[in-house]
Amino acid sequence: MRDGTFVTGDDVRLPYGDRLRDVSPVLVAHGTRNPHGVSVIAEIAEAVGRRIGVTRTAFVDVLGPTPSEVIADLDKPAVLVPAFLASGYHVHKDIPEHVALAGRPDTVVTRALGPDPAIAAVARLRLAEAGWEPGDAVVLAAAGSSDESACGQVYLAARQLESLIGGRVEVGFIATAQPSVPEAIERARRTGRRVVVASHLLAPGLFHQRLQTYGADAVAAPLGPDPRIVDLIITRMRAAISPYRRSPVARTA
C-alpha cells in the first residue's frame, strides 16, 4: 500500500500496443468499516494488478482514499471501474463529481460491473457453497437504490441467475427500495421450501451482516475475488478504452 492506496502489479509488463499501458487503472468501491470487506476489495485489486499492472483502489463513502484523491496526481489518464453491481447514485453522481474535483478531464469511467452473466455465474457458485440445492427458494438480496433503473438492473440480475439455477428468484432490497429482503423471504417461504439468500454484494460489510438476521435458512457469501469478477473488471477497462467503440467513452467535461 502506498499513501493509503492499494497499488499492485509493479512487475507486470504489458505487450507493446496494449492500450492499458497508457492508462492508470483504478477500482472504485463503496467502502466499508468492515476490515474483511476492505481486504476483499484489496484482493480483487491485487488480482487485477497481477494481470494488467499497477491497480489502485478508491472509495466513494465511509473511508478513503477518494477517487479524486487517487487520480489527481497520476502520471497517466485514469480508467475508473465502478465496482458496483448496478448503476445507481454512486455511479451516476458521486464518481463524475470526484473526477471533476480532481481536474482530470482525461479520465475514462467504464460501465459498472453489473448486471452481467459472469456475476450470475459467481452468485450460483456462492449459493452452492452455502448449501443451496435445486428446489430451494432463492432470494437475490441487493443493497437497493432510489434510482429506478438501478433497481431494474437487479431484476435483470435475478433473471440471469434464474437461467442458471432453473427456478424462480425473488428480489429483495436491504435499504431504500422495495420489497425489502424480509418481505421477499416471507414471499418465498410461502412455497413451503427452504429459503436461501443469494448475496448481490461484492464484498462483506454492514449490509451482508444484516442478511444473517432476516431468518433465511442459509445466506450465501458475497461475490468476492472470483477470477470471473477479475476478468469482468479487465473487460470493462478494455471496452472503455477501445479505439473501436461506437459510442463515446464516459468522460468528465
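What counts and what doesn't
Residues numbered from 1 in each chain as written. Predicted model: local features only at pLDDT ≥ 70, side-chain atom pairs only at ≥ 80, totals over all residues. Heavy atoms only, no water. Helix = DSSP H or I, 4+ residues; strand = E, 2+ residues; numbered from the N terminus. Expected span 1.5 Å × (residues − 1). Buried < 20%, exposed > 50% of the residue type's maximum accessible area, 1.4 Å probe, protein only. Contact = heavy atoms within 4.5 Å. Polar contact = N/O pair within 3.5 Å; in protein donor to acceptor, adjacent residues only side chain to side chain. 1 Å grid on protein atoms, 1.4 Å probe; cavity = no way out; pocket = protein on both sides within 12 Å on 5 of 7 lines; lining within 4 Å. Points joined across faces, edges and corners; volume = space filled by probe spheres on them. Nonpolar A, V, L, I, M, F, W, Y, C, P; charged D, E, K, R; others polar. Core = buried A, V, L, I, M, F, W, Y, C linked by side-chain atoms within 4.5 Å. Pairing = 2+ DSSP bridges. Right-handed = clockwise from strand over helix to strand, strands pointing away.

Undergrad: Can you help me understand helix H3 (residues 89–102) in this one?
TA: At 3.6 residues per turn, the α-helix brings residues three or four places apart onto the same side. Spanning 14 residues, H3 covers 19 Å between terminal C-alpha atoms, matching the ideal 20 Å at 1.5 Å per step. Buried within H3 we find Val91, Asp94, Ile95, His98, Val99 and Ala102. Packing partners of the buried residues in H3 comprise strand E1 (24–29), helix H2 (67–71), strand E3 (78–82) and strand E4 (108–109).

Undergrad: When you look at the side chain of Thr55 in this model, what are you seeing that I'm missing?
TA: Within the fold, Thr55 resides in the loop between helix H1 (35–52) and strand E2 (56–59). There is a polar contact of 2.9 Å between the side chain of Thr55 and the backbone oxygen of Gly53.

Undergrad: It is not clear to me how unusual backbone geometry should be interpreted in this structure. Could you clarify?
TA: Generally, phi is negative for residues other than glycine and the peptide bonds are trans, each holding for most cases. Following Gly64, the chain continues into Pro65 via a peptide bond in cis, with omega recorded as 5°. Here Pro65 is to be found in the loop between E2 and H2. In the segment running from Gln178 into Pro179, the intervening peptide bond is cis, with an omega of 0°. Mapped onto the elements of the fold, Pro179 is located in the loop between strand E6 (169–173) and helix H6 (181–189). In this structure, Val62 is a non-glycine residue whose phi angle is positive, near 75°. By secondary structure assignment, the location of Val62 is in the loop between E2 and H2. Even without being glycine, Thr176 reaches a positive phi, approximately 75°. Examined against the element boundaries, Thr176 turns out to sit in the loop between E6 and H6. Using a relative accessible area of 60% as the deciding quantity, one classes Thr176 as exposed.

Undergrad: Looking at this structure, how should I read empty space enclosed by the protein?
TA: Where empty space is left can be seen by rolling a probe of water-molecule size over the atoms. According to the stated counting rule, one finds one cavity of 30 Å³ or more in the structure shown. Space inside the largest cavity adds up to approximately 40 Å³. The wall of the largest cavity is formed by Asp116, Ile119, Ala120, Ala123, Leu140, Ala157, Gln160, Leu161 and His200. Contributions of two or more residues to the lining of the largest cavity are made by helix H4 (117–129) and helix H5 (148–165). Classifying every residue of the lining of the largest cavity gives six nonpolar, two polar and one charged.

Undergrad: Where do I start with the nonpolar core in this structure?
TA: Across soluble globular proteins, nonpolar side chains have a tendency to be buried as a group. Among the nonpolar cores identified, the biggest contains 53 residues, and Leu113, Leu127, Leu161 and Ile233 are the most heavily contacted of them. Counting residues per element, this core draws most heavily on helix H8 (residues 227–241), which supplies eight residues. What Leu113 contacts, discounting residues up to four positions off in sequence, is Val81, Pro82, Ala83, Phe84, Leu85, Ile119, Leu202, Leu232, Ile233 and Arg236. Val70, Ile71, Leu80 and Ala112 belong to the second largest nonpolar core, which has 16 residues in total.

Undergrad: Before we go on, may I ask you to explain the pairing of E1 in this structure?
TA: Side-chain direction in a regular strand flips from residue to residue, so the side chains alternate between the two faces of the sheet. For E1, the tally of buried residues reaches six of six residues, placing the bulk of the element in the interior. Judged by which residues are buried, E1 turns out to be covered on both faces: Ser24, Val26 and Val28 on one side and Pro25, Leu27 and Ala29 on the other are all buried. In this sheet, E2 lies alongside E1 in parallel orientation, the contact comprising four bridges. Paired with Val26 across the strands is Arg56, a residue of E2. Assessed by its sense of winding, the connection that carries the chain from E1 through H1 to E2 is right-handed.

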